Amino acid sequence: MKESKETLNTNVIEVSDLSFSYTRTPFLRDINFVVKKGEIFGFLGPSGAGKSTLQKVLTGLCTNYQGTAKILGTDSCKHGKNFYEKIGVDFEFPSLFEKLTARENLTYFASLYSGNKRDIDDLLKEVGLYEHADKKVSAFSKGMKSRLNFIKSLVHNPEVLFLDEPTSGLDPNNAKIMKDMIKKERDCGKTIIITTHNMQDATELCDRVVFIVDGQMKALDTPHNFIMQRGAAKVNYTYMENGREEKRTSLLSKISEDDVLGKLLSENRVTSIHSLEPTLSDIFIEITGAQVD
């Protein structure tokens, strides 16, 4: 069930002038953004950029920061134990009991929370692990552990999800299952933070993304806006000519003046046509000058 527009305009996360340091040298500097209810918000950047540290600040693991980092209306450093009833965290490296089965793991972690729980069998079925529910986790592959760790973060039905590289180690089919589940959680009104350097995942999943390099924000916008602002400047098309496939390129701004393309379209001879759009990875490098690992 989707939330109303009025509800979705609620700010769930508000970060203002946030700075943090492990030493005397600042690690995160001047971080400012808000995340609304029902939004998937991405932290994008190379390894060591500060993405995971920012996630740790928001989840209450790093509390000696400067500025404000409000989650659900309260500064992260001031939240009580009840805070963890409201958030779910899926770290990149699974935190599971290997000598327990998948079902036993979920049952145990569900028992740590006091609120209403999700149906464990339903969660296992959604990620394709139901038939392995009673196998010990030590026998699971890396991808199976990743999927189990993900639904572990959902078992107590939290309001806010923090996902760190959620598709890491997954084959394309299981990555799609994971991404479909993330979108489904968003459509149910959950607010989701994704930390990743996978630009394709960010393009597919995120409503907005922030580029982070060397502990600083470099840009913030929707993936669509980032791509369109740089423009799909050219169009490539192919057609058959004397039994051979020929290729041509036209400027998007001049496409109405391309007489060859107009003639080919009228004769139904175009075999393919597509715009040359920059990827989010291209734009990240252009804006920040940094390579994504």
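Going by the structure above, here's the rest.
In what follows, the accompanying structure is described. Predicted, not measured: the structure shown is a model, and the values here were computed from it.

### Details of the overall build of the protein
Turning to step 1, where the next piece is worked out: Helix and strand counts for the protein stand at 11 helices and 13 strands.
Turning to step 2, where the next piece is worked out: Along the first, second and third principal axes, the C-alpha atoms of the protein reach 70 × 50 × 40 Å.
Turning to step 3, where the next piece is worked out: Classification of the 293 residues of the protein by burial places 45% in the buried group.
Turning to step 4, where the next piece is worked out: Taking contacts inside the protein between residues at least 6 apart in sequence as the whole, the part at least 24 apart equals 68%.
Turning to step 5, where the next piece is worked out: For the protein, the exposed surface amounts to about 15000 Å²; the carbon and sulfur share of it is 48%.
Turning to step 6, where the next piece is worked out: Between the centroid of the 39 positive side chains of the protein and the centroid of its 41 negative side chains there is a distance of 3 Å.

### Observations regarding unusual backbone geometry
Turning to step 1, where the next piece is worked out: You will see that Glu 165, though not glycine, has its phi angle at about 50 degrees, which is positive.
Turning to step 2, where the next piece is worked out: Looking at the element boundaries, Glu 165 is found in the loop between strand 7 (160–164) and helix 7 (172–187).
Turning to step 3, where the next piece is worked out: A positive phi angle, near 55 degrees, is found at Asn 242, a position not held by glycine.
Turning to step 4, where the next piece is worked out: Tracing the backbone through its elements, the reader meets Asn 242 in the loop between strand 11 (234–241) and strand 12 (244–251).

### What to know about the packing of helix 6 (residues 142–152) against helix 7
Turning to step 1, where the next piece is worked out: Axis separation between helix 6 and helix 7 bottoms out at 11 Å; the angle between their running directions is 10 degrees. In terms of axis orientation, helix 6 runs roughly parallel to helix 7. Contact residues: Ser 146, Arg 147, Phe 150 and Ile 151 in helix 6; Asn 174, Met 178, Met 181 and Ile 182 in helix 7.
Turning to step 2, where the next piece is worked out: Of the residues that constitute the contact of helix 6 with helix 7, the class distribution is 5 nonpolar, 2 polar and 1 charged.

### Remarks on the nonpolar core
Turning to step 1, where the next piece is worked out: Core analysis: the largest hydrophobic core is formed by 43 residues, its most contacted members being Leu 124, Leu 148, Phe 150, Ile 151, Ile 182 and Phe 211.
Turning to step 2, where the next piece is worked out: Apart from the residues lying within four places of it in its own chain, the contact partners of Ile 151 are Leu 106, Leu 123, Leu 124, Val 127 and Met 181.
Turning to step 3, where the next piece is worked out: Leu 28, Tyr 65, Ala 69 and Phe 83 belong to the second-largest nonpolar core, a separate cluster that totals 27 residues.

### Observations concerning the side chain of Thr 195
Turning to step 1, where the next piece is worked out: Inspection of the secondary structure puts Thr 195 in strand 8 (residues 191–196).
Turning to step 2, where the next piece is worked out: Thr 195 sits in the buried class, given a relative accessible area of 1%.

### Notes on the sheet that holds strand 13 (residues 270–275)
Turning to step 1, where the next piece is worked out: Read across the open sheet, the 3 strands follow the order 12-11-13; overall the sheet is antiparallel. Among the strands making up the open sheet, the edge pair consists of strand 12 and strand 13. Pairwise comparison of adjacent strand axes, ignoring direction, gives a mean angle of 15 degrees for this sheet.
Turning to step 2, where the next piece is worked out: Where strand 11 and strand 13 come together, 5 bridges link them in antiparallel fashion. In the strand pairing of strand 13, Thr 238 is matched with Ser 272.

### Thoughts on the pattern of salt bridges
Turning to step 1, where the next piece is worked out: Taken as a whole and judged by the stated rule, the model has 15 salt bridges.
Turning to step 2, where the next piece is worked out: The salt bridge partner of Glu 204 is Lys 179, with a shortest N-O separation of 3.1 Å. Note that Glu 204 is positioned in helix 8 (residues 199–205) and Lys 179 in helix 7, a separation of 25 residues in sequence.
Turning to step 3, where the next piece is worked out: Across the pair Asp 207 and Arg 186 runs a salt bridge, and its minimum N-O distance is 3.1 Å. Of this pair, Asp 207 sits in the loop between helix 8 and strand 9 (208–213) while Arg 186 sits in helix 7; the two residues are 21 residues apart in sequence, bridging distant segments of the chain.
Turning to step 4, where the next piece is worked out: Overlapping salt bridges bring together Glu 241, Lys 263, Glu 267 and Arg 269 as one network.

### A look at the sheet that holds strand 1 (residues 11–20)
Turning to step 1, where the next piece is worked out: Pairing in this open sheet of 4 strands is antiparallel, and the strands run 2-1-4-5 from one edge to the other. The open sheet has two free edges, formed respectively by strand 2 (28–36) and strand 5 (74–75), since each of these has just one partner strand.
Turning to step 2, where the next piece is worked out: Sheet topology places strand 1 next to strand 2; 6 bridges connect them, and they run antiparallel. Considered in strand 2, the bridge of Ile 13 is made with Val 35.

### Brief notes about helix 6
Turning to step 1, where the next piece is worked out: Among the 11 residues in helix 6, 10 count as buried, and that is most of the element.
Turning to step 2, where the next piece is worked out: For helix 6, the complete set of buried residues consists of Gly 143, Met 144, Lys 145, Ser 146, Arg 147, Leu 148, Asn 149, Phe 150, Ile 151 and Lys 152.

### Focus: the environment of Thr 271
Turning to step 1, where the next piece is worked out: Locating Thr 271 in the fold gives a position in strand 13.
Turning to step 2, where the next piece is worked out: As for Thr 271 and Lys 254, which are separated by 17 residues in sequence, their C-alpha atoms are 20 Å apart.
Turning to step 3, where the next piece is worked out: Here Thr 271 is in contact with Thr 238, Tyr 239, Met 240 and Glu 245, once residues within four sequence places are set aside.

So, how was this worked out
- Residues numbered from 1 in each chain as written.
- Predicted model: local features only at pLDDT ≥ 70, side-chain atom pairs only at ≥ 80, totals over all residues.
- Heavy atoms only, no water.
- Helix = DSSP H or I, 4+ residues; strand = E, 2+ residues; numbered from the N terminus.
- Buried < 20%, exposed > 50% of the residue type's maximum accessible area, 1.4 Å probe, protein only.
- Contact = heavy atoms within 4.5 Å.
- Areas by Shrake-Rupley, 256 points an atom, 1.4 Å probe, with all protein chains shown as cover.
- Lys, Arg positive; Asp, Glu negative; His and termini not counted.
- Charge placed at Lys NZ, Arg CZ, Asp CG, Glu CD.
- Axes fitted to C-alpha atoms, helices over the stretch in contact; angles between N-to-C directions.
- Parallel < 35°, antiparallel > 145°, perpendicular 65-115°, else oblique.
- Nonpolar A, V, L, I, M, F, W, Y, C, P; charged D, E, K, R; others polar.
- Core = buried A, V, L, I, M, F, W, Y, C linked by side-chain atoms within 4.5 Å.
- Pairing = 2+ DSSP bridges.
- Salt bridge = Lys/Arg side-chain N within 4 Å of Asp/Glu carboxyl O.

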